[in-house]
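Listed below are the residues making up each chain.
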Amino acid sequence: MEDLSYVRTDMLPERDPPASEVGVIGWLRMNLFSGWFNSILTVIALAFIYLVLAAIIPWLWSPTWGAGSLSACREIIAELGKEHGGACYGVITERWQQLLFGFYPEELRWRPILTFVGLFVALAPVLFNETFPGKMLWFTGAFLFLAPWLMWGGPIWTPLLVAAGPALGFVAYRYLVSVIGNLASVIVAVLIPVLFWLFLVGPLSQAIYGIVPLGIEVVESRLFGGFMLSVWIGVVAIAISLVLGVILALGRQSDLLIVKYLSVGFIEFIRGVPLITLLFVASTLLNIFMPPGTNFDIILRVMIMATLFASAYIAEVIRGGLAALPRGQYEAADALGLDYWKAQRLIILPQALKISIPGIVSTFIGLFKDTTLVSIIGLLDPIGLTGSIRADANWNGIVWELYGFIALLFFISCFSMSRYSMWLEKKLRTDHR
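Residues numbered from 1 in each chain as written. Predicted model: local features only at pLDDT ≥ 70, side-chain atom pairs only at ≥ 80, totals over all residues. Heavy atoms only, no water.

## Quick notes on the packing of aromatic side chains
Rules: Planes of paired rings set the category: under 30 degrees apart is stacked, over 60 is edge-to-face and the rest tilted, where pairs are Phe, Tyr or Trp rings (Trp by its six-membered ring) whose centres lie within 6.5 Å. Strands are runs of DSSP state E lasting at least two residues, helices are runs of H or I lasting at least four, and both sets are numbered from the N terminus onward. Relative accessibility decides the category of a residue: with a 1.4 Å probe and only protein chains considered, values under 20% of the type maximum give buried, values over 50% give exposed, and everything between is partly exposed.
Taken as a whole, this structure holds 15 aromatic pairs when the rule is applied. When the centroid spacing of 5.5 Å and the interplanar angle of 80° are considered together, the rings of Phe 128 and Tyr 420 count as edge-to-face. Separated by 292 residues along the polypeptide, Phe 128 in the loop between helix H5 (110-127) and helix H6 (137-152) and Tyr 420 in helix H17 (residues 400-428) bring together distant segments of the chain. A residue is classified by how much of its surface remains accessible, and Phe 128, at 32% relative accessible area, is partly exposed. With 6.1 Å between their ring centres and 90° between their planes, Phe 227 and Phe 368 make a pair best called edge-to-face. Taken together, the positions of Phe 227 in helix H10 (residues 226-252) and Phe 368 in helix H15 (residues 340-370) put the pair 141 residues apart, joining distant regions of the chain. Here Phe 227 matches Phe 368 in class, with each residue buried. Chaining the aromatic ring pairs together yields one cluster made of Tyr 104, Trp 152, Phe 224 and Trp 232.

Structure (structure tokens):
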């Protein structure tokens with residue numbers, strides 16, 4: 001009997017999707033040739049890219065790595081018959097160490113290299129806490145004091161005494177909190193390490209060194225330079241400005257009027273002054289406010305000003321994250337019976353920082369690139385070194401090769417920070433899972 005039902009009783013075999021919808025052809029049609037307007041824009045863009053690459057690639061493809069001068073590069077390029085010239089990579093081969101380390105003594109360059117490696121080890125448990133054990137945080141804390149000692153040298157007692165400063169402040173806080181109250185004891189706990197560092201660390205270190213002479217050779221700050229200097233200033237300013245930014249953001253929302261107005265005044269003043277002005281203040285005026293006879297290192301002064309500058313911007317970014325949180329989060333913390341600091345540490349700040357990650361990383365990238373401004377006050381960062389390199393008769397006239405190499409170094413660093421922030425955002429995204 002013939003089956004006249006309207007419902008199919010057997011499954012049809014699967015058919016392959018149209019070739020124009022999958023694979024490379026499908027991707028091209030969807031992304032580049034989805035309509036007549038997009039197709040025209042794609043053709044114009046491809047033509048522009050071709051013209052740019054046709055001009056740049058022949059210039060970049062230049063076998064001049066072994067040339068010892070600009071004239072030798074030109075001779076090699078002339079022998080190849082290139083009409084539009086070529087890059088002179090001999091200056092990179094000869095001066096790459098200077099661009100990285102400045103005038104840091106060659107026999108002591110193991111110290112900044114060791115510091116750079118130690119930086120990655122110290123950051124590993126902070127940036128990738130699920131991969132590396134928490135016990136590595138002890139090394140992270142110790143590295144904060146060992147890194148300056150490795151870079152500048154001197155008695156081993158100096159970083160040990162500097163590390164003793166926070167310990168003295170903590171002891172003072174535990175002893176005074178029940179006597180003068182929480183706020184006053186916090187102020188005293190902050191002032192004790194600062195005064196200890198300014199007035200006692202130097203004399204005590206020299207006195208102990210006279211008895212037990214343990215240390216490494218001192219390297220003067222005027223020898224610091226190159227990409228090493230930019231990384232050194234950038235890392236210190238980024239690390240400290242994040243902490244100060246959180247404190248300033250919380251201070252701006254504080255119910256204590258003096259704390260609130262001090263935070264607002266600092267943020268608005270710093271954000272209203274160009275960084276270059278602060279750097280000039282660091283190089284010329286900051287020593288005036290120090291006690292007589294105090295030798296305040298120029299690099300430390302620059303680090304302080306760069307840190308203060310970045311912390312004001314970080315504070316506003318974090319304040320935006322705090323403002324984005326719904327009121328219910330604060331009410332939930334109150335309902336759990338948490339005090340102010342526990343509520344901030346366990347509920348409010350983790351969410352605010354997650355929201356603020358793109359703005360924080362953008363500020364860090366901008367700060368890292370702004371470290372090149374120190375060349376204006378006489379520090380020999382990579383940009384500042386290009387002048388001394390081009391002053392050499394062998395390399396007089398070199399421009400694009402040096403700036404291209406420096407740009408590549410900064411691009412790798414900034415791109416790495418950007419990719420890490422994207423990975424961190426994806427890792428912390430807990431909605432819609």
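Still more to cover.
## Quick look at the pattern of salt bridges
Any two side chains of opposite charge can pair if their charged atoms end up close together. Note the following rule: Each salt bridge in this description consists of a side-chain nitrogen of Lys or Arg and a carboxyl oxygen of Asp or Glu lying within 4 Å of one another.
Under the criterion given, the structure shown has 9 salt bridges. In this structure, Asp 392 engages Arg 95 in a salt bridge whose closest nitrogen and oxygen atoms are separated by 2.7 Å. Residue Asp 392 is located in the loop between helix H16 (382-390) and H17, and its partner Arg 95 is located in helix H4 (residues 90-101); the two are separated by 297 residues in the primary sequence. On the accessibility criterion, Asp 392 (23% relative accessible area) is partly exposed. Note that Arg 271 is salt-bridged to Glu 268, the shortest N-O span being 4.0 Å. Placement of the pair is Arg 271 and Glu 268 together in helix H11 (residues 257-271), with a separation of 3 residues, close to one helical turn. Classification of Arg 271 as partly exposed rests on a relative accessible area of 34%.

## Describing H10
Every α-helical turn comprises 3.6 residues, leaving residues that sit three or four positions apart pointing alike. Heads up, the condition is: The span you would expect from a helix comes to 1.5 Å times its residue count less one.
The end-to-end C-alpha distance of H10, which contains 27 residues, comes to 38 Å, matching closely the 39 Å that a straight helix rising 1.5 Å per residue would cover. When you tally the buried positions in H10, you get 20 out of 27 residues, the bulk of the element.

## A word on the nonpolar core
For the record, the criterion: Within this scheme, the nonpolar core is defined by two criteria: the residues are buried Ala, Val, Leu, Ile, Met, Phe, Trp, Tyr or Cys, and they are joined through side-chain atoms within 4.5 Å. We call two residues contacting when some pair of their heavy atoms lies within 4.5 Å.
Ranked by size, the top nonpolar core spans 56 residues in total, and within it Phe 224, Trp 232, Ile 299 and Leu 322 carry the most contacts. Those elements that provide at least two residues to this core are H5, H6, H10, H11, helix H12 (275-285), helix H13 (298-324), helix H14 (327-335) and H15. Per-element accounting of this core gives the leading share, 12 residues, to H13. Leave out the neighbours within four places in its chain, and Leu 322 touches Ala 249, Leu 250, Gln 253, Tyr 330, Gln 344, Ile 348, Leu 349 and Ala 352.

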